[in-house]
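Take a look at the letters that make up each chain.
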Amino acid sequence: MKAVLLDRDGVINSLVYHEEAGVIDAPFTRSQFKLQPRVPAAIRLLNDLGLKVAIVSNQPGMAKGHVKPQVFKAFERIMLSEISAAGGRIDRIYYCLHHPEAKVAKFRQRCRCRKPETGMLEQAASDLQVPLAECYMVGDGISDFLAGARAGCRTIFVGRWKCEICQFTEDPHVRPVLVAKSLWEAAQLIQSEATGVSCKDFRANCLAVRS
Ligand SMILES: [Mg+2]
Ligand SMILES: [Zn+2]
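Residues numbered from 1 in each chain as written. Chains lettered and ligands numbered in written order. Predicted model: local features only at pLDDT ≥ 70, side-chain atom pairs only at ≥ 80, totals over all residues. Heavy atoms only, no water.

## Here we look at the coordination of the magnesium ion (ligand 1)
Working reference: metal with six octahedral donors, ideal angles 90 or 180 degrees; metal with four tetrahedral donors, ideal angle 109.5 degrees. With distances of 2.1 to 2.2 Å, the protein atoms coordinating the magnesium ion (ligand 1) are Asp 7 (OD), Asp 9 (O) and Asp 140 (OD). Motif for the magnesium ion (ligand 1), donor spacing along one chain: D-x1-D-x130-D. With Asp 7 in the loop between strand 1 (3–6) and strand 2 (16–18) and Asp 140 in the loop between strand 6 (135–139) and helix 4 (142–151), the pair connects residues that are 133 residues apart, well separated along the chain. Residue Asp 7 is classed as buried on the basis of its relative accessible area, which comes to 7%. (Donors = N, O, S within 2.8 Å, 3.2 Å for Na, K, Ca; no water. Helix = DSSP H or I, 4+ residues; strand = E, 2+ residues; numbered from the N terminus. Buried < 20%, exposed > 50% of the residue type's maximum accessible area, 1.4 Å probe, protein only.)

Listed below in structure tokens is the structure:
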């Protein structure tokens, strides 16, 4: 495998419960943007395995009027500085800023980049000069592994629900290949695949749904 494509919200940074709206969503303000535990170390581990790392993220927050552009840029600065402080590196970042029902007209469109469409994954693979079949797609949402599966990536679902999420996708061909509790655990799974060391430490947590 040559590269790891990462979703952002719920994988790199934590999701936020927005009490006023009663929804769990991406952070809207600077103080809500917090990296998940051991994310910088996980990214460094992926770098050390010789894998390219890119972010492919649906970010409709500006389109919906939830996030100001300068705050959106600040999220990226915070993320990159914490990752680089741990010696990690993100090679490329792609955002889909569109939403079909956006309040802000310039973002209101049906696009080929919004996951589960595959536009961002294709762009990332092309820019990184790696085949999509040699990319992992790591995400915490159904749209992540749908996009990953359609693009032909090896999919890793990150989350606490393990494969209970699979019940929402009836077609067995769109289930994630691997399941991990966190990006750190996903990075260790990737390491175990890269080094051929068995994944026995993860027997309780990881589940090969489709090999
Ligand atoms: Mg997500
Ligand atoms: Zn888009």
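## Topic: the pairing of strand 5 (residues 92–96)
Sheet topology places strand 4 (residues 52–58) next to strand 5; five bridges connect them, and they run parallel. Within strand 5, the residue paired with Ala 54 across the bridge is Arg 92. This β-α-β element, strand 4 to helix 2 (residues 69–85) to strand 5, shows right-handed connectivity. (Pairing = 2+ DSSP bridges. Right-handed = clockwise from strand over helix to strand, strands pointing away.)

## Considering helix 4
Listed in full, the buried residues belonging to helix 4 are Asp 144, Phe 145, Leu 146, Ala 147, Gly 148 and Ala 151. Contact partners of the buried residues in helix 4: helix 3 (119–128), strand 6 and strand 7 (154–158). Once helix 4 ends, the next one or two residues include Gly 152, with phi positive near 90 degrees. (Contact = heavy atoms within 4.5 Å.)

## Quick word on the side chain of Gln 59
Mapped onto the fold, Gln 59 is located in the loop between strand 4 and helix 2. A polar contact of 2.9 Å, which involves the side chain of Gln 59, links it to the side chain of Asp 9. When sequence neighbours within four positions are dropped, the list of residues in contact with Gln 59 reads Arg 8, Asp 9, Phe 72, Tyr 95, Cys 96 and Leu 97. (Polar contact = N/O pair within 3.5 Å; in protein donor to acceptor, adjacent residues only side chain to side chain.)

## Description of the coordination of the zinc ion (ligand 2)
In this structure, Cys 96 (SG), His 98 (ND1), Cys 111 (SG) and Cys 113 (SG) serve as the protein donors to the zinc ion (ligand 2), at separations of 2.1 to 2.3 Å. Between the four donor atoms coordinating the zinc ion (ligand 2), the angles at the centre fall across 99 to 120 degrees, so the site counts as tetrahedral. Binding-site remark: the zinc ion (ligand 2) is held by donors from one chain whose sequence spacing is C-x1-H-x12-C-x1-C. Residue Cys 111 is classed as buried on the basis of its relative accessible area of 14%. (Tetrahedral: all angles 85-135°; square planar, octahedral: opposite > 155°, others 65-115°.)

## Examining the environment of Ala 105
With respect to the helices and strands, Ala 105 occurs in the loop between strand 5 and helix 3. Spatially, the C-alpha atom of Ala 105 lies 7.8 Å from that of Ala 63, the residues being 42 residues apart in sequence.

## Concerning the pattern of salt bridges
Summed over all chains, the structure comprises eight salt bridges. Glu 134 serves as the salt-bridge partner of Lys 2, at 2.6 Å between the closest nitrogen and oxygen. Of this pair, Lys 2 sits in the segment before strand 1 while Glu 134 is found in the loop between helix 3 and strand 6, placing the two residues 132 residues apart along the sequence. A relative accessible area of 40% places Lys 2 in the partly exposed class. (Salt bridge = Lys/Arg side-chain N within 4 Å of Asp/Glu carboxyl O.)

## What to know about the sheet that holds strand 7
Ordered in space as 5-4-1-6-7-8, the six strands form an open sheet in which the pairing is parallel. With partners counted over all chains shown, the strands left at the sheet margins are strand 5 and strand 8 (178–180), one partner each. Sheet twist, expressed as the mean angle between neighbouring strand axes with direction ignored, is 20 degrees. One ladder, built from four bridges, connects strand 1 with strand 4; its direction is parallel. Each bridged residue has a counterpart across the sheet, and for Leu 5 the counterpart in strand 4 is Ala 54. (Axes fitted to C-alpha atoms, helices over the stretch in contact; angles between N-to-C directions.)

## Topic: the confidence of the model for the protein chain
Looking at the protein chain, pLDDT values average 89 and 86% of them are 70 or higher. Confidence drops under a pLDDT of 50 for residues 200–211, and excluding neighbours within four residues, the segment shows 27 contacts in the predicted structure. (pLDDT = per-residue confidence, 0-100.)

## Some words on unusual backbone geometry
For the peptide bond that leads from Lys 115 to Pro 116, omega is 20 degrees, which places it in the cis range. With respect to the helices and strands, Pro 116 occurs in the loop between strand 5 and helix 3. One non-glycine residue, Arg 38, adopts positive backbone phi at about 65 degrees. If you trace the backbone, Arg 38 turns up in the loop between strand 3 (23–25) and helix 1 (39–48). Non-glycine residue Gln 129 carries a positive phi angle of around 60 degrees.

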